[in-house]
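# Structural characterization, general
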Amino acid sequence: MSKILIGSDIEKVEMLKNHFIKYGFEKYSHYTGDGISTYCFKKLKIDNSNFIEIGSDFVATSGTLIYRKVIGKDALEKIYKDFVKGIDYIRKNAVGNYCLVIKKDGILYIVTDENAIHNIYYYNDNDWMITNTFYHLAKVIDNVSVNQLEMLEYSFQYGIIGNKTPYKKIYKLMGEEYIKVDLSNNNFSINKINTEEDRVKTTDNSSKSIAKMLEEQAQIISNNFSKVTVSMTGGLDSRIIMAALLKNGVKPQIVYGVGNSPLTNTKNKDLEINKMYADKFNLEFKPMNWKTNEPIEEYWDYSLQKYGELFTVYAGNQNVYDEFEKNIDFDYITFGYFGELMRNADLIEPLQSDFFNINQFVDLYINDDIPIEKDLKEKLYENILEKYTEICKIEKIDALKIHKDKATRIHSHYRKRADVQLCNLSNIYASSTIMLSEENLFESILNIKYNDKGNAKYMLQVMYELYPEILDIPFFSHCRDCIFNLETFELDNVQSKNKIIQELKKYINKTRYAKIIKKLYSHTLKVDEKDTLQNKKNKEIKIQFINYLKEQNDPLINIDNFSGDVRALARYSQLVFMNNSLKRIERSK
C-alpha cells in the first residue's frame, strides 16, 4: 500500500488524513485542486516512491506495482507516458497487486490489478471518496448501516463474493472495473473493462509452461527488491514459490509465525521443516512471535483505528503486527496463496459426477456451523447462490451443468476475496504480491484440467521443473507427514495412521453425508498430547468470544454449542466490535 485517500469532500478527506497521521502514517504526498483532495501515504518500513506530479496532472499508486520491469518514479513516469494507449495497455504491462490513480487532462482514473487482490473501496453519495479499507470510509458516512448478510459472509465464509461490504453504500472496486471522475462537473462513474479479450488464449498449460511463467515472475521480483522474504510452511503452496526464487539464484529469507493458540493455527512441524529449508539451501530463517495476546481484545481498538478491517488478521494479534513492522527486515514479502488452485479443491470432492449444478456447489461451499436462525440462514444461502449464479454468467458457464474442469474457475472468486488479507496488511509495511495472482499465470492455472491436478501431481511436476532439490525436504500437508515419491510423482504418507486415514478419505466423498464425515476425519488428525492441549485452549478462547457476544446482546443463536472454527467466531466478534465503534462515532457527531 501504504494507503491512498481521495475524495471530493475536502473536510472529510482532511479528517481521515489526520486520523491516519495519528496512527503512524506520517509520510505522504498531497495534491489538491479541481475540487478534490488526494493523499498518497508511504509505506511504514521503506521509503517508496508512489506519487509524481506532472504539471496539473499526477500519477499515484498504493500496493506493489512493477511496470515494464521497474518500480518507483521510473515506473510512474512510464505509466504517464504510456497512458495514451489506455488502461488495458497499462495493466498488461504491469506486475503486482496495486491501485493505480491517474489524473490527466481533467479526468481522474482509478483502477486496481486484474484480480482486485489489492483492496480499494469507495462510496458515491452526494460526495465520493476512495481508500483501502471500508471501515475508514464508514467512519465518515452519516448514519452508516450494516449489511447483515455480508457481515455473516465476511465472518463465517472468510470473504465476501462480489463488490459488497458489511456496510451499505460502500463497495469494493472489482478487477473488471475502473472509476472515472470528470473533474469539470464531478461526475463519478464505474466503468467496465473488457477482461474477456485479455484472457490467456494459449492451450499450453503444461507444468513446463507454468514453471517458466513462475520463473519469469521471480526474476522480476528479484531484480527490484533486495530483501526478498517468503512466509513458508511445510506444505505445497509456499514451496512452489520458494522453488521459483531458488531457480533464479535468489536466497530468500524465510519467516514463520509461531503461535500458541488456534487463532494463529501454527504447527511445530512447519517450524521444523522451515529449519530444514534454511540448513539445506543456506537461507536466513526468522521465527516470528505470534503468541496470542491476553486478553485477546487488548489491542483491538488501536489496531482497528490503524488498520481498519485488517485488524481481523489473526484476531487482532498485536504481536503479528509488531513482527512485520518492527522486527523483521524485508522490503518484499510473498506467500503461497492461490497454490490451492493448482490442486483439486476438497470442496467438490463429494461430487461423484463429472457435472454438477451451482446449487450443489453452494450446498458444499456454505458453512453449516453459522449459529443463526433458519430463515436468516436461508436468506444467506440465497444471497450466496445469487452471487455464484452471476459468476457463472460472467464466466460464460452453464449454471445448470458445470463440468469439474470449471470448478476451480468458479471457486477462484472466493479465493480472491478470502486469501488476500495478509498480502494487503504486508503492503502497509513494505512491498508484497501474491505471485500466483499475476493474470497470465492465474488464467493458465484456471485452465488446468481437473484430472491433471489429482493428488497434487501437477504442483509437484512444476516444482520438479523449477528446482528438483526442493522435493528432498519432507512435506507437512493438511496435518500429514509426507515424502515425495519420484516414481509416482505423488506424496506418500509417512505414518501408518495417516495411511489408513488417507485410504478412508477415498470413500468419504462417495456418501451424501460427506460434510459430516469430513469433520470426523479432521478430528482423527488431532490425537497427540499437544493437540489435546490445543483443543483445551480452543474451548477457552471460544468461551471468551461467546461471553463477549452475549454482553453485546448479539442475535447469534445457540452460540454455547458452536462447533465451528473458533477463528470464524473471532472474526464475527471483531466485526461486532467494529460496528460498536461506528455507533460511538455516530453518537458523537
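Now for a quick tour of the structure. (Residues numbered from 1 in each chain as written. Predicted model: local features only at pLDDT ≥ 70, side-chain atom pairs only at ≥ 80, totals over all residues. Heavy atoms only, no water.)

### Some words on empty space enclosed by the protein
- The final tally for this structure, using the stated rule, is 1 cavity of 30 Å³ or more.
- In this structure, the largest cavity is lined by 20 residues; those nearest its centre are Asn119, Tyr121, Phe134, Tyr154 and Arg417.
- The set of elements that each furnish at least two residues to the lining of the largest cavity consists of helix H13 (407-418) and helix H14 (421-429).
- The residue inventory of the lining of the largest cavity, partitioned by class, reads 7 nonpolar, 7 polar and 6 charged. (1 Å grid on protein atoms, 1.4 Å probe; cavity = no way out; pocket = protein on both sides within 12 Å on 5 of 7 lines; lining within 4 Å. Points joined across faces, edges and corners; volume = space filled by probe spheres on them. Helix = DSSP H or I, 4+ residues; strand = E, 2+ residues; numbered from the N terminus. Nonpolar A, V, L, I, M, F, W, Y, C, P; charged D, E, K, R; others polar.)

### Digging into the sheet that holds strand E7 (residues 107-112)
- What the 6 strands build is an open sheet, ordered E4-E5-E6-E7-E11-E12; its pairing is antiparallel. Two strands lie at the open edges of the sheet, namely strand E4 (51-54) and strand E12 (187-192), each paired on one side alone. Sheet twist, expressed as the average angle between the axes of neighbouring strands with direction ignored, equals 15°.
- Relative to E12, strand E11 (residues 177-182) runs antiparallel, the two being bridged by 6 bridges. Along E12, the bridge assignment pairs Glu177 with Lys192. (Pairing = 2+ DSSP bridges. Axes fitted to C-alpha atoms, helices over the stretch in contact; angles between N-to-C directions.)

### Side note on the nonpolar core
- Formed by 159 residues in total, the largest nonpolar core has its most connected members in Leu214, Ile358, Phe361 and Tyr388.
- Ignoring sequence-local partners within four residues, the contact set of Leu214 consists of Ile240, Ile241, Ala244, Met435, Leu436, Leu441, Val462 and Leu466.
- Of all hydrophobic cores here, the second largest spans 21 residues; its members include Cys99, Ile120, Leu183 and Phe188. (Core = buried A, V, L, I, M, F, W, Y, C linked by side-chain atoms within 4.5 Å. Buried < 20%, exposed > 50% of the residue type's maximum accessible area, 1.4 Å probe, protein only. Contact = heavy atoms within 4.5 Å.)

### Some details on the pairing of E7
- Here E7 lies mainly inside the structure; 6 of its 6 residues are buried.
- On E7, burial covers both faces: Ile107, Tyr109 and Val111 on one face and Leu108, Ile110 and Thr112 on the other are all buried.
- When strand E6 (residues 94-104) meets E7, the two strands line up antiparallel, connected through 6 bridges. Across the sheet, the residue bridging to Leu100 is Val111, located in E7.
- Relative to E11, E7 runs antiparallel, the two being bridged by 5 bridges. Bridge pairing links Tyr109 to Lys180 in E11.

### Details of the pairing of E4
- Pairing analysis gives 4 bridges linking E4 to strand E5 (residues 57-67), with the strands arranged antiparallel. Residue pairing for E5: Glu53 is matched across the bridge by Phe58.
- Connecting E4 to the antiparallel partner E5 that follows it, the hairpin turn spans 2 residues, and Gly55 within it adopts a positive phi of roughly 65°.

### With respect to the sheet that holds strand E21 (residues 480-485)
- A sheet is described by the order of its strands in space; here 3 strands give the open sequence E20-E21-E22, paired in antiparallel fashion. The sheet is open, and its two edges are formed by strand E20 (475-477) and strand E22 (490-493), each paired on a single side. Neighbour-to-neighbour, the strand axes of this sheet turn through a mean angle of 50°, independent of strand direction.
- By the bridge criterion, 3 bridges tie E20 to E21 in an arrangement that is antiparallel. Bridge assignment links Phe476 to a residue of E21, and that residue is Asp481.
- Lying over the sheet, helix H16 (residues 457-466) contacts E20, E21 and E22, oriented at roughly 110° with respect to E22.

### Section: the packing of H13 against helix H15 (residues 439-446)
- With their axes 9 Å apart at the nearest point, H13 and H15 run at an angle of 135° to one another. One way to sum up the angle between H13 and H15 is to call them oblique. Between H13 and H15, the contacting residues are Thr408, Arg409, Ser412 and Lys416 on the first element and Phe442, Glu443 and Leu446 on the second.
- Here the contact of H13 with H15 is built from residues that sort into 2 nonpolar, 2 polar and 3 charged. (Parallel < 35°, antiparallel > 145°, perpendicular 65-115°, else oblique.)

### Quick word on the pattern of salt bridges
- Applying the stated rule across the entire model yields 27 salt bridges.
- With a shortest N-O distance of 3.3 Å, Lys17 and Glu14 are connected by a salt bridge. With a gap of 3 residues between them, Lys17 and Glu14 both fall in helix H1 (residues 10-22), about one helical turn apart.
- By relative accessible area, Glu14 is classed as partly exposed at 24%.
- A salt bridge links Lys387 to Glu150, with the shortest nitrogen-to-oxygen separation between them at 2.9 Å. One end of the pair, Lys387, is in helix H12 (residues 374-394); the other, Glu150, is in helix H5 (residues 148-156), with 237 residues separating them in the sequence.
- Classification of Lys387 as buried rests on a relative accessible area of 13%.
- By relative accessible area, Glu150 is classed as buried at 4%.
- Bridged by salt links that share partners, the residues Glu150, Glu153 and Lys387 form one connected network. (Salt bridge = Lys/Arg side-chain N within 4 Å of Asp/Glu carboxyl O.)

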